[in-house]
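# A look at the structure
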Amino acid sequence: MKRIGFLSFGHWGPGEGSRTRTARDALLQGIELAVAAEELGVDGAYFRVHHFARQQASPFPLLAAVAARTSRIEMGTGVIDMRYENPLYMAEEAAATDLISGGRLQLGISRGSPEPARDGAAAFGHVPADGETDADMARRHTAVFRRAISGAGMAEAEPRYAGGGSGLLPVQPHSAGLGGRIWWGAGSRATAVWTAEQGMNLMSSTLLTEDTGVPFDQLQAEQISMFRQAWADAGHPHEPRVSVSRSVLPIVDDEDRRHFGLSALREKRDQVGVIDGLVARFGRSFVGAPDAIAGELAADAAVQAADTLLLTVPNQLGVDFNAKLLGTVVRHIAPAIGWAPQPAS
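About the cut-offs
- Residues numbered from 1 in each chain as written.
- Predicted model: local features only at pLDDT ≥ 70, side-chain atom pairs only at ≥ 80, totals over all residues.
- Heavy atoms only, no water.
- Salt bridge = Lys/Arg side-chain N within 4 Å of Asp/Glu carboxyl O.
- Helix = DSSP H or I, 4+ residues; strand = E, 2+ residues; numbered from the N terminus.
- Buried < 20%, exposed > 50% of the residue type's maximum accessible area, 1.4 Å probe, protein only.
- Axes fitted to C-alpha atoms, helices over the stretch in contact; angles between N-to-C directions.
- Parallel < 35°, antiparallel > 145°, perpendicular 65-115°, else oblique.
- Left-handed = near helix turned anticlockwise from the far one by under 90°.
- Contact = heavy atoms within 4.5 Å.

### Here we look at the pattern of salt bridges
Applying the stated criterion across every chain yields a total of 19 salt bridges. For the salt bridge of Arg 257 with Asp 254, the shortest nitrogen-to-oxygen distance reads 2.8 Å. Here Arg 257 pairs with Asp 254, and both are found in helix α8 (residues 254–266), just three residues apart, close to one helical turn. Among the residues examined, Arg 257 registers a relative accessible area of 44% and is labelled partly exposed. Asp 254 sits in the exposed class, given a relative accessible area of 57%. The partner of Asp 256 in a salt bridge is Lys 324, with the nearest N and O atoms 2.9 Å apart. Pair noted here: Asp 256 is in helix α8 and Lys 324 is in helix α11 (residues 319–333), with a separation of 68 residues, a long-range link. The partly exposed category is assigned to Lys 324, whose relative accessible area is 23%. If you follow the salt bridges from partner to partner, you end up with Arg 19, Asp 253, Glu 255, Asp 256 and Lys 324 in one network.

### Structural notes on the packing of helix α3 (residues 87–101) against helix α5 (residues 134–149)
Closest axis-to-axis distance for the α3/α5 pair is 8 Å, and the angle between their directions is 45 degrees. Between α3 and α5, the interaxial angle falls into the category oblique. Regarding α3 and α5, the two cross each other, and that crossing is right-handed. Contacts between α3 and α5 involve Pro 87, Leu 88, Met 90, Ala 91 and Ala 94 from the former and His 141, Val 144, Phe 145, Ala 148 and Ile 149 from the latter.

In short, shape yes, function no, at least from these values alone.
Take a look at the structure:
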């Protein structure tokens, strides 16, 4: 395990016990948690993206603010739903954010998950072409986005305003190296193989949209193995990165026990359900004493197969609580799975 980061879903609302009551709270607390995480030695600050919901929606202002307040930590998404995106505008925003960060942006993208709006992408002006599915449209948007961030020409020059030039103009700004830091959120083994063939890093979450009857970590480890084999078969010249997400909730005091004591009893096993009409296997939560969690994660086949672990945090409990949680992980759990702080550059 080379890197550990947090993944915030950016929830906000006036519910009982919430310390993140407004959208402003969610944004500012996301920045402050990233700063606190960097001070603890955590490697990454990642944010989930949802639309038409009380969650983080437009990630680039938040990521740019994190970049401006930090110097070492990676910042990224997990994931941006590409059905909703204008690929060229996204390429401009991503490159600008990466330049502000000094090359620390890690963008997780995918077809996305179910959203509250019935046809949310259409409301944003994006409708599948004839014969396309939503997933096809997301992959088409992704192909255009990746071409744009590579520096390729995307629009015909107008000689009257391009100094007499002609040909195709690239979007600006351009950030060299960003193309190698794009991740695809894959929910199945077949999608992981496609991800490798496309030359993107693999991001695998706490659910898979398939179930073979084996424990979640074993199924996810098989997904990772198939990704790595497909990557090797494709002959890409560099090593890919692989991340997995886990819900890790150590209990060290009465405050933790009050929040998560019941979770320790009911969320210790995988769950099988249906999402988007597909049978899906959901990974368990890791709740309890830090030493017990350390042993469980050390035995998790997918955690051992990945190089990056993203910890989903209960962001509505506020910055101080989540910084305490991350500190417990860094000191008492992460070393047991082979993690050590990155050396100062």
